Amino acid sequence: MSDGATTRVVIIGGGFAGINAAKVLARDRRIAVTLIDRSNHHLFQPLLYQVAMAGLSPADIAVPIRGLLSRFRKVSVVQDTVTGIDLEAKQVSATGQSWSYDYLVVATGARHAYFGHDEWESNAPGLKTLSQATEIRRRVLQAFESAENEEDPEVRKELLTFAIVGGGPTGVELAGAIAELSRSTLTKDFRRIDPRRTRVVLIEAGPQILAAFSAASAVRATRDLEELGAQVWTESLVTDVSEDSITIGNDGEKLRTRTVLWAAGVHASELGSALSGELDRQGRVPVGADLSVAGHPEVFALGDLARTEDDSGAVLPGVAPVAMQAGRYVGRLIRAELAGKERRPFRYVDKGQMATIGRSKAVVETGRLRLGGFLAWAAWLLIHIYYLSSFRNRALVLVQWAWSYVTFGRGARLIVDREWRNPET
Ligand SMILES: Cc1cc2nc3c(=O)[nH]c(=O)nc-3n(C[C@H](O)[C@H](O)[C@H](O)COP(=O)(O)OP(=O)(O)OC[C@H]3O[C@@H](n4cnc5c(N)ncnc54)[C@H](O)[C@@H]3O)c2cc1C
């Protein structure tokens, strides 16, 4: 609590935005920071698909928030789920405790959206948390095991068919990884089935995959996926998901499959409704040029939770660099304001976008530069390793990758979790 001279900053969410804000604020002795997250770890979401596809282990891409911030004495970390924000009383409440603040930074991210069909979730898990990643890994590996034991050729075919819904970077990465897993890593592991006959279908409602990329990159990624053995279906709107099939379009075309993975559509964290009555269609909180919420200059919404516009009015995408830069910006803004300086607007520096396809291809777009193939994959690898910073095992991850690159191995091919609980519901 405030001792008069200390400014209390409460940060909700220890993702890319929250952690970066905390690190900047922690260096100011006038400020006491309380960071609250429902989970005890900060997660490097861009590599979640590697955990889901048995390429990396959970501990390679997650780090305890407490450990990340332990060297900053004026930062307290609390593991709890925030359930309410009282903007007038300047109070945040969680299960059984509450905090008063002078400044509030809300960065609670986003969750999956099933376009009004939440009932699809149990048959089509999304990829957002570590438990979801290990559940996807379990389902994919279990499908091969069950196919090996299956006598009925039709059921075996269903077990060896994988549908990925959503042709954004995550869908492309999952489709490429399953295709590769079946055609390289697993080929010698089974006796009764031939994993190379696995069918992987990437299903996208729009006219091209990787909608945020140029048409040329999308064509290249489609070709790369097809070379790996995956099929790409565009203009294919999913209208139903059941235990053993997925339905496309209104005329009821069915793809029989026992494994559907969901990589389409996100919705901002529910906490946004405590900050604004004017959320956009994806539940994002509109923020001003200083990332504050209308009518509350002491409250900021950042990252995937916020609808942030650039100078031209374009909405910034829900990607890690936007969240990281926003976190650092708000940290600096609060420090500068305490030093009596005026607020300056947030300016996002766009360094481009990338998506990887299998273990040695990618597409990268930065400025006018368009890269594909192995060179793009090498750039992707270097950037991801670089941003795994603050993860103590960065070097280990690199060695592990190099090893699996040479051997086609996927060391984390373990079926461990039997029960799944979505922490977001
Ligand atoms: C599978 C996947 C792949 C991705 N790949 C890329 C990529 O290649 N490149 C890229 O730039 N971006 C990628 N992204 C997007 C990127 O990860 C997000 O834009 C980024 O994580 C947003 O950061 P954030 O801080 O806003 O939210 P998050 O990182 O999601 O953090 C939100 C935090 O808030 C906590 N929280 C939520 N609700 C509460 C509550 N009520 N109480 C307490 N704590 C709460 C959560 O536990 C979490 O720690 C990917 C995302 C996913 C899911």
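Calculation rules
- Residues numbered from 1 in each chain as written.
- Predicted model: local features only at pLDDT ≥ 70, side-chain atom pairs only at ≥ 80, totals over all residues.
- Heavy atoms only, no water.
- Near = heavy atom within 4 Å.
- Polar contact = N/O pair within 3.5 Å; in protein donor to acceptor, adjacent residues only side chain to side chain.
- Areas by Shrake-Rupley, 256 points an atom, 1.4 Å probe, with all protein chains shown as cover.
- Domains from an automatic or database assignment.
- Contact = heavy atoms within 4.5 Å.
- Buried area = accessible area lost by both parts, 1.4 Å probe.
- Salt bridge = Lys/Arg side-chain N within 4 Å of Asp/Glu carboxyl O.
- 1 Å grid on protein atoms, 1.4 Å probe; cavity = no way out; pocket = protein on both sides within 12 Å on 5 of 7 lines; lining within 4 Å.
- Points joined across faces, edges and corners; volume = space filled by probe spheres on them.
- Nonpolar A, V, L, I, M, F, W, Y, C, P; charged D, E, K, R; others polar.
- Buried < 20%, exposed > 50% of the residue type's maximum accessible area, 1.4 Å probe, protein only.
- Helix = DSSP H or I, 4+ residues; strand = E, 2+ residues; numbered from the N terminus.
- Pairing = 2+ DSSP bridges.
- Right-handed = clockwise from strand over helix to strand, strands pointing away.
- Axes fitted to C-alpha atoms, helices over the stretch in contact; angles between N-to-C directions.
- Phe/Tyr/Trp six-rings, centres within 6.5 Å; stacked < 30°, edge-to-face > 60°.
- Core = buried A, V, L, I, M, F, W, Y, C linked by side-chain atoms within 4.5 Å.

Draft legend 1. Representation of the site of the ligand in the model. Taken together, 28 residues lie around the ligand, and Ala17, Asp37, Val82, Asp304 and Ala320 are the ones closest in. Phe16 is positioned such that a nitrogen or oxygen atom in its backbone is 3.1 Å from an oxygen atom of the ligand. In the model, an oxygen atom of the ligand is placed 2.8 Å from a nitrogen or oxygen of the Asp304 side chain. For the ligand, whose free accessible area comes to 990 Å², the fraction covered by protein is 88%.

Draft legend 2. Seen up close, the domain arrangement of the protein. The domain architecture assigned to the protein consists of domain 1 (7–38 + 80–112 + 267–338) and domain 2 (118–262 + 353–407). Using only C-alpha atoms to locate each centre, domain 1 and domain 2 end up separated by 32 Å. Each partner contributes to the interface: domain 1 provides five residues, whereas domain 2 provides seven residues. Of the roughly 440 Å² buried at the junction of domain 1 and domain 2 (both faces included), carbon and sulfur atoms supply 57%. Looking at the side of domain 1 facing domain 2, the largest losses of area belong to Ala110, His112 and Met324, adding up to 73% of the total buried there. Here domain 1 is connected to domain 2 by one salt bridge. The tally of links from domain 1 across to domain 2 stands at one residue pair in polar contact (both at pLDDT 80 or more).

Draft legend 3. Quick look at the layout of surface pockets. What the second largest pocket holds in volume is close to 330 Å³. Along the walls of the second largest pocket sit 14 residues, with Arg328, Tyr329, Arg332, Leu333 and Pro345 positioned nearest its centre. A breakdown of the residues in the lining of the second largest pocket according to their chemical character gives five nonpolar, one polar and eight charged.

Draft legend 4. Molecular detail of the pairing of strand S12 (residues 199–203). Within S12, four of the five residues are buried, which leaves the element mostly enclosed by the surrounding structure. Alignment of strand S11 (residues 161–165) against S12, held across five bridges, turns out to be parallel. Looking across to S12, one finds that Phe162 is bridged to Val200. What joins S11 to S12 is helix H6 (residues 169–185), and the crossover it makes is right-handed.

Draft legend 5. Just the sheet that holds strand S16 (residues 253–256), in detail. Here three strands make up an open sheet; going across it, the order is S14-S15-S16 and the pairing antiparallel. Looking at which strands have only one partner, the edges of the open sheet turn out to be strand S14 (238–241) and S16. Neighbour to neighbour, the strand axes of the sheet diverge by 25 degrees on average, direction disregarded. Inspection of the sheet shows S14 paired to strand S15 (residues 245–248) by three bridges, in the antiparallel sense. From the neighbouring strand, Val241 faces S15, where its bridge partner is Ile246.

Draft legend 6. Focus on the packing of aromatic side chains. This model, assessed by the stated rule, comprises nine aromatic pairs. Clustering of aromatic rings is evident, with ring pairs tying together Tyr114, Phe115, Trp120 and Trp262.

Draft legend 7. Looking closely at the pattern of salt bridges. A complete count under the given rule lists 21 salt bridges for this structure. Note that Arg256 is salt-bridged to Glu158, the shortest N-O span being 2.8 Å. Of the two residues, Arg256 sits in strand S16 while Glu158 sits in helix H5 (residues 153–159), which places them 98 residues apart along the sequence. Assessed through its relative accessible area of 8%, Glu158 is described here as buried. What emerges from the salt-bridge pattern is a single network uniting Glu158, Asp244, Arg256 and Arg258.

Draft legend 8. How the structure looks around the sheet that holds strand S1 (residues 7–12). Ordered in space as S5-S2-S1-S9-S21-S20, the six strands form an open sheet in which the pairing is mixed. Every interior strand has two partners, whereas the edge strands, strand S5 (75–79) and strand S20 (292–293), have only one. Sheet analysis places S1 next to strand S9 (residues 103–106), joined by four bridges and oriented parallel. The residue bridging Ile11 from the neighbouring strand is Val105, located in S9. Across the sheet, helix H8 (residues 320–338) is in contact with S1, strand S2 (31–37), S9 and strand S21 (296–301); its angle to S9 comes to roughly 170 degrees.

Draft legend 9. Broad picture of the environment of Leu48. For Leu48, the location among the structural elements is in helix H2 (residues 48–52). Looking at Leu48, the relative accessible area reads 2%, which means it is buried. Through-space distance from the C-alpha of Leu48 to that of Thr134 is 9.3 Å; in sequence the pair is 86 residues apart. Residue contacts for Leu48: discarding those within four places in its chain leaves Leu43, Ile61, Leu127, Lys128, Thr129, Leu130 and Ala133.

Draft legend 10. Examining the nonpolar core more closely. In this structure, Leu69, Ile85, Leu275 and Ile334 are the most contacted members of the largest nonpolar core, which totals 117 residues. Residues lining this core come from more than one domain, with at least three contributed by each of domain 1 (7–38 + 80–112 + 267–338) and domain 2 (118–262 + 353–407). Among all residues touching Ile85, those that are not within four sequence positions of it are Ile12, Gln91, Tyr101, Leu104, Val106, Leu271, Ala274 and Leu275. Judged by nonpolar contacts, the second largest core, of 16 residues, contains Ala124, Val201, Ile246 and Val260.

Draft legend 11. Just the side chain of Glu365, in detail. In this structure, Glu365 sits in strand S24 (residues 361–366). Glu365 sits in the buried class, given a relative accessible area of 7%. A polar contact of 2.6 Å, which involves the side chain of Glu365, links it to the side chain of Ser214. Non-local contacts of Glu365, meaning those with residues more than four positions away in its chain, are made with Phe213, Ser214, Ser217, Gly352, Gln353 and Arg370.

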